[in-house]
Amino acid sequence: MTVKKVLSKIDKPLFFSMLIFFIFGLIMIFSASTIVSVIGFNKEPYSFFIKQALFLFVGLIAFFIILFIPTKNYSKFSNTLLITVLLALAGLFVYGKVTNNAMSWYYIGPFSLQPSEFAKTILIIYMGTYYYKNRKNLNSQNIILKPLYAALMIFALVFLQPDLGTGIIIAAIAILIYFSLPIKTVYKKNMITILLIVAIMFIGLYLVAGKKILTTTQLNRFNYKEPCKRYTENTGYQVCNGYIAINNGGLFGVGLGNSTQKYLYLPEAHTDFIFPIVIEELGVITGIAVILMYIFIIYRILKISRDSNNLGNSVMAYGIAAYIFCHIAVNLVGILGLGPMTGVPLPFLSYGGSFALNLMITFGIVQRIAIENKISKSK
């Protein structure tokens with residue numbers, strides 16, 4: 001297929017939504033990171049902006065390359081990708097460097113790579129290709145459970161870094177994909193029972209031996225209620241300053257670039273806590289618009305999943321929708337003080353090279369599925 005034909009078949013509303021969001025995210029990263037870049041890291045004010053832009057540029061190249069790779073070829077390298085990412089995650093314990101209390105990154109010169117971000121997409125590809133190859137054997141519970149063992153291995157390696165937030169998202173993606181499968185209801189009921197047992201066991205272990213299982217930082221995150229009463233403590237300072245930023249913004253904000261909370265009052269203002277900066281500078285109205293845009297993007301991806309007559313493609317598109325939803329939900333729950341803060345970035349807006357690059361790759365996969373849906377429909 002020619003470039004013109006391929007581009008004519010992409011989901012255009014989703015494509016332009018992605019572009020608008022990434023451009024808006026770059027603007028907000030520049031606004032939120034200038035102060036911390038100069039004062040906190042002694043760098044140029046546009047340092048984080050340039051790094052993010054470079055990763056997005058590489059991601060855009062990857063996006064267009066993926067558009068021309070038929071999804072039927074994914075099965076040729078899905079197992080290799082899975083083994084590679086497992087080795088990369090294991091290698092962190094030897095070659096990785098600790099950042100924000102987690103050994104999650106490889107540093108290559110001025111750049112860093114986080115294998116756990118790419119593990120999410122690789123797991124989605126693996127599950128999609130596996131279930132497509134075994135689509136005639138989904139009446140066997142042993143067969144449909146196999147990919148969950150791979151997810152469990154990834155979760156364990158990420159949890160031990162320790163990165164509980166990313167581990168939760170990986171587990172959630174695998175479970176949501178499992179429940180999306182056209183399998184017997186009894187298998188889904190069995191999974192619900194297993195999840196309830198695991199949840200009860202985790203709560204029991206947390207109550208009996210929480211200090212031995214979780215790090216001090218992870219334990220502190222469970223103390224999330226009424227953060228402003230603990231403003232001087234690590235457990236409340238960050239979330240409370242997020243509240244202050246949101247309160248400062250009001251309906252229409254104080255103006256782009258005029259945030260006061262980004263002056264080192266709000267740690268990680270350009271990463272996990274960028275949403276309060278968006279509201280402080282541009283107002284609650286813009287915050288609501290951002291959430292509505294998220295809903296629209298997830299809807300478009302789910303529509304692509306539903307329109308696919310290929311189980312593997314449907315699973316992959318659904319898994320990517322679940323991936324984006326989980327990141328949004330976990331981030332907003334944490335910054336709004338509705339649950340533990342887990343250090344999970346917000347799609348399109350948060351600074352993070354690995355996350356932005358991986359997100360662009362997932363959109364390339366979704367658009368390739370949309371192209372194949374239209375080809376199949378035309379036939």
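Residues numbered from 1 in each chain as written. Predicted model: local features only at pLDDT ≥ 70, side-chain atom pairs only at ≥ 80, totals over all residues. Heavy atoms only, no water.

Summing up its helical and strand segments, the protein has 13 helices and three strands in all. Along the first, second and third principal axes, the C-alpha set of the protein runs to 60 × 55 × 40 Å. Each of the 379 residues in the protein was classed as buried or not, and the buried ones make up 50%. Of the contacts formed within the protein by residues at least 6 apart in sequence, a portion of 70% connects residues at least 24 apart. Carbon together with sulfur atoms contributes 68% to the accessible area of the protein, which is approximately 17900 Å² in total. Charge centroids of the protein, computed over 31 positive and 12 negative side chains, lie 17 Å from each other. (Helix = DSSP H or I, 4+ residues; strand = E, 2+ residues; numbered from the N terminus. Buried < 20%, exposed > 50% of the residue type's maximum accessible area, 1.4 Å probe, protein only. Contact = heavy atoms within 4.5 Å. Areas by Shrake-Rupley, 256 points an atom, 1.4 Å probe, with all protein chains shown as cover. Lys, Arg positive; Asp, Glu negative; His and termini not counted. Charge placed at Lys NZ, Arg CZ, Asp CG, Glu CD.)

What follows is about the environment of Leu282. When you line up the elements, Leu282 lands in helix H11 (residues 274–307). With 44 residues separating them along the chain, Leu282 and Gln238 place their C-alpha atoms 20 Å apart. Once residues lying within four places of it in the same chain are set aside, the contact partners of Leu282 are Phe24, Met28, Leu251, Phe252, Gly253 and Leu256.

To continue, consider the pattern of salt bridges. In the structure shown here, the tally under the stated rule is six salt bridges. Salt bridges linked by common partners bring Lys303, Arg306 and Asp307 together as one network. (Salt bridge = Lys/Arg side-chain N within 4 Å of Asp/Glu carboxyl O.)

With that settled, consider the side chain of Thr166. Relative to the elements of secondary structure, Thr166 occurs in helix H7 (residues 164–180). Taking the relative accessible area as the measure of exposure, Thr166 reaches 5% and is therefore buried. Dropping the residues within four chain positions of it, Thr166 is found in contact with Gln114, Ser116, Lys120, Val158 and Val344.

Ordered in space as E1-E2-E3, the three strands form an open sheet in which the pairing is antiparallel. Both edges of this open sheet fall to strand E1 (97–99) and strand E3 (111–113), since each of them pairs with a single strand only. Put simply, the sheet's adjacent strands are angled 55° from each other on average, direction ignored. Looking at chain direction, strand E2 (residues 102–108) and E3 are connected through three bridges and run antiparallel. Across the sheet, residue Tyr107 finds its bridge partner in E3, namely Ser112. Lying on the sheet, helix H4 (residues 74–95) is in contact with E1 and E2; it crosses E2 at an angle near 85°. (Pairing = 2+ DSSP bridges. Axes fitted to C-alpha atoms, helices over the stretch in contact; angles between N-to-C directions.)

Taken as a whole, this structure holds 17 aromatic pairs when the rule is applied. With centroids separated by 6.4 Å and ring planes inclined at 75°, the aromatic side chains of Tyr323 and Phe355 adopt a geometry described as edge-to-face. One end of the pair, Tyr323, is in helix H12 (residues 311–335); the other, Phe355, is in helix H13 (residues 353–378), and 32 residues separate them in sequence. As far as burial versus exposure is concerned, Tyr323 and Phe355 are alike and both buried. Taken together, the ring pairs connect Phe21, Phe22, Tyr294, Phe348 and Phe363 into an aromatic cluster. Here the guanidinium or amino end of Lys43 rests over the ring plane of Phe48, the centre of that ring lying 5.9 Å away. A cation sits over an aromatic face here: Arg135 above Tyr132, 4.1 Å from the ring centre. (Phe/Tyr/Trp six-rings, centres within 6.5 Å; stacked < 30°, edge-to-face > 60°. Lys NZ or Arg CZ within 6 Å of the ring centre and 35° of its normal.)

Running from N to C, H4 and helix H5 (residues 115–133) point in directions that differ by 150°, and their axes come no closer than 9 Å. As far as their axial angle goes, H5 and H4 are roughly antiparallel. Relative to H5, H4 is oriented so that their crossing is left-handed. Along the contact surface, H4 presents Tyr74, Ser75, Ser78, Asn79, Leu81, Leu82, Val85, Ala88, Leu89 and Leu92, while H5 presents Pro115, Ser116, Ala119, Ile122, Ile125, Tyr126 and Thr129. Residues that form the contact of H4 with H5 fall into these classes: twelve nonpolar, five polar and no charged. (Parallel < 35°, antiparallel > 145°, perpendicular 65-115°, else oblique. Left-handed = near helix turned anticlockwise from the far one by under 90°. Nonpolar A, V, L, I, M, F, W, Y, C, P; charged D, E, K, R; others polar.)

Residue-level pLDDT values for the protein average 89, and 95% of them are 70 or greater. When mean pLDDT is taken per element in the protein, H11 scores highest with 96 and helix H9 (residues 216–221) scores lowest with 66. (pLDDT = per-residue confidence, 0-100.)

What follows is about a nonpolar patch on the surface. Judged by side-chain polarity, Phe30, Tyr46, Ile50, Leu54 and Phe111 come together as a nonpolar surface patch covering roughly 420 Å² of accessible area. Residue placement: Ile50 occurs in helix H3 (residues 47–66). (Patch = residues over 30% accessible without salt bridge, like charges linked within 9 Å, V, L, I, M, F, W, Y side chains within 5 Å.)

For H5, with 19 residues, the first-to-last C-alpha span of 26 Å sits near the 27 Å given by 1.5 Å per residue. Within H5, 17 of the 19 residues are buried, which leaves the element mostly enclosed by the surrounding structure. (Expected span 1.5 Å × (residues − 1).)

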